[in-house]
Amino acid sequence: MSLQLKVHAIRKAAPRVIEIDLRAAEGVALPAFTAGAHIDLTLGNGIERSYSLLNDPAETHRYVTGVLLDHESKGGSIWIHDKLKVGDVLTASEPINHFPLNEAGAHYILIAGGIGVTPLIAMAHRLNATEADYRFHYYARMRDEAAFAPEVEALAGTRLTMHCSGGDAAKRLDVATLLKERPSAAHVYVCGPLELIRAVREATPDWPKGSVHFELFHGDEAATAPRSTDQAFDVVLQKSGRTLHVPPDKKILDVLKAEGYKIKVLCTDGVCGTCKVKLLSGVADHRDEVLTDEEREKFIQVCVSRAMPGETLVLDL
Ligand code: FES
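Computed from a prediction, not measured in an experiment: that's the story for all the values here.

**Notes on the packing of aromatic side chains**
Then, number 1: In total, this model carries 3 aromatic pairs according to the counting rule given.
Then, number 2: Judged by centre distance (5.9 Å) and plane angle (80 degrees), the rings of Phe33 and Tyr63 are edge-to-face. With a gap of 30 residues between them, Phe33 in the loop between strand S2 (17-23) and strand S3 (38-42) and Tyr63 in strand S5 (residues 62-68) connect regions that are remote in the sequence. Pair check on accessibility: Phe33 and Tyr63 agree, each one buried.
Then, number 3: Through a chain of ring-to-ring contacts, three or more aromatic side chains come together here, namely Phe99, Tyr108 and Tyr189.
Then, number 4: Taking NZ or CZ as reference, Lys276 lies 4.6 Å from the ring centre of Phe299, over its face.

Take a look at the structure:
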């Protein structure tokens, strides 16, 4: 069911970030959400974008999100910053959560990179409410540019460590050291750019399955977009016997969709695992962040991965 939400307030949360407070009609309770959830908003320019909720999940009268001004965006962020105003009504989905907090943990490590802090703020609210043990690591280039830093400080108190590199790569968050030892029954939640998610995944190869949780901040389209060196290749669809050509500037997913194939997708960034298709033969250039080496022999995430040069991929479609 879709919701009609009115923009109740907009405020600056950092030089390039605004906070948007969305509410239903007076006195109407909104569907509940859990920490890590997002809503899909249909913007005035007709495009749909997902935004993580950052307010306390115990609140039922509003959804609050933060939006970074990203000049490289495909229209969502710029439209919100330029056009959205208090009093506007937007169509929204009910809250959806692909990044839920596992409340059975004994210790939590929250790692935020830039605007990826938003779902982790909702998690800090929830962890405070349940009196859970946690640490909050917030990576930002400069303290002054870190969105919602005062809110995170107020929530996490001494559990917060700010990591400000000032643009110096040598001072970047050393995730490997941070995650060297796994406290008993600990869960790590990371949200931010692809580089940060990769660093966390590389630092936790021995952590038990289900204890490392990540969500890519969706300003990172460039990281998973086709590259200028990409080459064309063919995919053979085993069930239909068809061969489709994937040009250098298109993804397998784009080509399948254009041919009417309904592939379920969520992130389109290779991190959620939803668009997994059985790979019957051919050597793939795997660009996802979800499949294990073993799985990569049998599956491919069609939203990001391609064929290695000269290869034809045979898919179970
Ligand atoms: S849609 Fe999420 S991995 Fe492809």
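Anyway, onward from the coordinates.
**Observations regarding the sheet that holds strand S8 (residues 134-140)**
Then, number 1: The 5 strands lie next to each other as S9-S8-S7-S10-S11, forming an open sheet whose pairing is parallel. Looking along the sheet, the strands with just one partner apiece sit at the ends: strand S9 (160-164) and strand S11 (212-216). Within this sheet the neighbouring strands show an average axis-to-axis angle of 10 degrees, counted without direction.
Then, number 2: For strand S10 (residues 186-192) and S11, the ladder comprises 5 bridges, and the chain directions are parallel. Counterpart to Gly192 in the pairing with S11 is Leu216.

**A closer look at the layout of surface pockets**
A probe matching the size of a water molecule, rolled over the atoms, marks out where space remains unfilled.
Then, number 1: The volume enclosed by the second largest pocket comes to roughly 180 Å³.
Then, number 2: Lining the second largest pocket, in full, are Lys6, His8, Arg23, Ala24, Ala25, Glu26, Gly27, Val28 and His61.
Then, number 3: Split into classes, the residues belonging to the lining of the second largest pocket amount to 3 nonpolar, 3 polar and 3 charged.

**Details of the pairing of strand S6 (residues 89-92)**
Then, number 1: Side chains Leu90 and Ala92 project from S6 onto a buried face, and the interleaved Val89 and Thr91 project onto a face without burial.
Then, number 2: Examined bridge by bridge, strand S1 (residues 3-14) and S6 share 4 bridges and lie antiparallel to one another. Within the sheet, the bridge partner assigned to Lys6 lies in S6 and is Val89.
Then, number 3: Pairing between S3 and S6: 2 bridges, direction antiparallel. Among the inter-strand pairings, Leu41 is bridged to a residue of S6, identified as Ala92.

**Re the pattern of salt bridges**
Then, number 1: Under the definition given, this model contains 16 salt bridges.
Then, number 2: Salt-bridge contacts for Arg143 lead to Glu153; the nearest nitrogen and oxygen are separated by 2.9 Å. Of this pair, Arg143 sits in the loop between S8 and helix H3 (149-156) while Glu153 sits in helix H3, and the two are 10 residues apart along the sequence.
Then, number 3: For Arg143, a relative accessible area of 34% puts it in the partly exposed group.
Then, number 4: In the salt-bridge network here, residues are joined through shared partners; they are Asp21, Arg23, Glu59 and Arg62.

The rules we used
Residues numbered from 1 in each chain as written. Predicted model: local features only at pLDDT ≥ 70, side-chain atom pairs only at ≥ 80, totals over all residues. Heavy atoms only, no water. Phe/Tyr/Trp six-rings, centres within 6.5 Å; stacked < 30°, edge-to-face > 60°. Helix = DSSP H or I, 4+ residues; strand = E, 2+ residues; numbered from the N terminus. Buried < 20%, exposed > 50% of the residue type's maximum accessible area, 1.4 Å probe, protein only. Lys NZ or Arg CZ within 6 Å of the ring centre and 35° of its normal. Pairing = 2+ DSSP bridges. Axes fitted to C-alpha atoms, helices over the stretch in contact; angles between N-to-C directions. 1 Å grid on protein atoms, 1.4 Å probe; cavity = no way out; pocket = protein on both sides within 12 Å on 5 of 7 lines; lining within 4 Å. Points joined across faces, edges and corners; volume = space filled by probe spheres on them. Nonpolar A, V, L, I, M, F, W, Y, C, P; charged D, E, K, R; others polar. Salt bridge = Lys/Arg side-chain N within 4 Å of Asp/Glu carboxyl O.

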